[in-house]
Structures are given as C-alpha cells and as structure tokens.
Amino acid sequence: MEDILVKSDYIMETERLILSLIELDDADQLFPNMSNQNISVDMSWKPHETIDETLGFIENVHASFSNGKSVTWCIRLKSDIKTIIGIFSIISIVRQHRELIYDKAELAYWIAPFYEKKGYMSESAKAVLAFGFEKLKLHKFVVSHHINNENSKKLILRLNFRHTYIEEQAFMKNNIWIDVAHYELLKIRYQKNAV
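Remember, predicted model here, so these are calculated numbers, not experimental data.

1. As for the sheet that holds strand β8 (residues 176-186)
Right, on to step 1. Taken together, the eight strands give an open sheet; going across it, the order is β1-β2-β3-β4-β5-β6-β8-β7, and neighbouring strands pair in mixed fashion. The sheet is open, and its two borders are formed by β1 (12-13) and β7 (162-173), each paired with just one other strand.
Right, on to step 2. Strand direction decides the pairing type here: β1 and strand β2 (residues 17-21), joined by two bridges, are antiparallel. Counterpart to glutamate 13 in the pairing with β2 is isoleucine 18.
Right, on to step 3. On the sheet, helix α5 (residues 150-158) packs against β5 (100-111), β6 (140-146) and β8 and is oriented at approximately 160° with respect to β6.

Structure, rendered in structure tokens:
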C-alpha cells in the first residue's frame, strides 16, 4: 500500500521542469491547448469549445484524484513558470479486486505543439514513472497509442516499455475505427534498466 501523501508531496522538479497538481486556476492556461484539434486528435476527448468544458475536466480530475484513481500534473518550464506546456497523468489506478492484487495504472499525456521534440515529455515521464513506482508503490504501468502516433510510440519505447499487442479497431473516433498499440512496464524492469 502507498504511503500517506499530502498535496505538496506531488510537486516534482526536474532539470528543466516543474510538475504540479492540476488546479481550477489552471483552466485559462489549459483551454487554448485543450481546444486545439491538433492536440485532441490522438486523445480520448474532443476539442473543448468553452472554458467551462476545461473547468469540468479539472473537476473530474479532482474527483478521480480524491478517489485514488488518478493523478494529473501540469507541466511548466522553470524558465517560464506561468506557462503550462502540457499535462502528464497516471490514470486508471487499480489496486485490488477481491483477492487479486493489481497495483497497476496507465500513463496519459499531451504537450503543446510548440514544445514538441525538445525532450520535455521524456523528462516528465521519467519523473512520473519514478513517482508511480516509488511513492505510489505501483507494480506495473501500461500505456497505448493510436497506431499512427509516431511521437507517442517513440516516447514509449525510450522509456523502455515492452510492446504487448496491437488491438485492431479498439474504438471509434470521428466515425473512424482506430487501431491501438499497447505496452507495459513492470517495476522490476524499470529498476533493472534505471529509466
């Protein structure tokens, strides 16, 4: 079982970034990106049309956090602390079902197009994985990407995830059935390879 954590325990600092829990005050910063169809195209959500949708998203994230089902961080540059460049989340946390222990979760993330290909997502992911395995005492992470999302695929492979399978026509979005590639990372593999 994970240690008792307070909100300040969730603030993470890397070489170039600060990751902090998402707050309602972040809606103004998040809305321009969450309304950007180039970001949402590979996400489970449609572009937000109003800031109220972004506020609703944050409220749902808070409820999920309170129930121990997810953690969502805003990613900020140390050099520009007021600007949110993306989000990184641990979602779908499953601890136990009856006598079965799972202690697994899924990664979810996005970054504003201007900040792509600068290593920020790798830097964020390494901090989030360390937090998940060490602070939340998770045993396994899973992650997936739309089959044509090469940027996400490259990130996942850099983090030493193992490809498990391709799920054909996993879901429909915008009237198109999407194939999805799935991956997993066990704690023992993470520790062995020191991601």
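2. Considerations on the packing of aromatic side chains
Right, on to step 1. Counted under the stated rule, the structure contains eight aromatic pairs.
Right, on to step 2. Summarising the aromatic geometry, the rings of tyrosine 10 and phenylalanine 131 are spaced 5.1 Å apart at their centres and angled 40° between planes, so their arrangement reads as tilted. Of this pair, tyrosine 10 sits in the segment before β1 while phenylalanine 131 sits in helix α4 (residues 120-135), and the two are 121 residues apart along the sequence. Across this residue pair, the class does not change: tyrosine 10 and phenylalanine 131 are buried.

3. Here we look at helix α1 (residues 27-34)
Right, on to step 1. Turning to α1, its buried residues number three or more, namely Ala27, Leu30, Asn33 and Met34. For α1, the angular spread of buried residues about the axis comes to 125°, placing them on one side.
Right, on to step 2. Looking at the buried positions of α1, the neighbouring elements they touch are α2 (37-40), α3 (51-66), β3 (71-77), β4 (80-97) and β5.

4. A word on the nonpolar core
Right, on to step 1. Counting residues in each nonpolar core, the largest one holds 40 residues, and the members touching the most others are Trp73, Ile90, Leu107, Leu129, Phe141 and Phe161.
Right, on to step 2. At the level of elements, β2, β3, β4, β5, α4, β6, α5 and β8 are the ones that each hand at least two residues to this core.
Right, on to step 3. Residue contributions to this core peak at nine residues, all from α4.
Right, on to step 4. Not counting chain neighbours up to four residues away, the residues in contact with isoleucine 90 comprise Lys69, Ser70, Val71, Trp73, Ala105, Glu106, Leu107, Val128, Gly132, Leu136, Leu138 and Phe141.
Right, on to step 5. Listed in part, the 13 residues of the second largest apolar core include Ala27, Met34, Trp45 and Trp110.

5. A word on the pattern of salt bridges
Right, on to step 1. In total, this model carries eight salt bridges according to the counting rule given.
Right, on to step 2. Of the charged contacts, one joins lysine 78 and glutamate 13 as a salt bridge, the two residues approaching to 3.0 Å between their closest N and O atoms. Of the two residues, lysine 78 is situated in the loop between β3 and β4 and glutamate 13 in strand β1; the sequence distance between them amounts to 65 residues.
Right, on to step 3. Across the pair aspartate 103 and arginine 95 runs a salt bridge, and its minimum N-O distance is 3.2 Å.
Right, on to step 4. The class for aspartate 103 is buried, based on a relative accessible area of 17%.
Right, on to step 5. Because the salt bridges share partners, they merge into one network encompassing Lys140, Arg162 and Glu184.

Rules used in this analysis
Residues numbered from 1 in each chain as written. Predicted model: local features only at pLDDT ≥ 70, side-chain atom pairs only at ≥ 80, totals over all residues. Heavy atoms only, no water. Pairing = 2+ DSSP bridges. Helix = DSSP H or I, 4+ residues; strand = E, 2+ residues; numbered from the N terminus. Contact = heavy atoms within 4.5 Å. Axes fitted to C-alpha atoms, helices over the stretch in contact; angles between N-to-C directions. Phe/Tyr/Trp six-rings, centres within 6.5 Å; stacked < 30°, edge-to-face > 60°. Buried < 20%, exposed > 50% of the residue type's maximum accessible area, 1.4 Å probe, protein only. Arc of directions from axis to C-beta. Core = buried A, V, L, I, M, F, W, Y, C linked by side-chain atoms within 4.5 Å. Salt bridge = Lys/Arg side-chain N within 4 Å of Asp/Glu carboxyl O.

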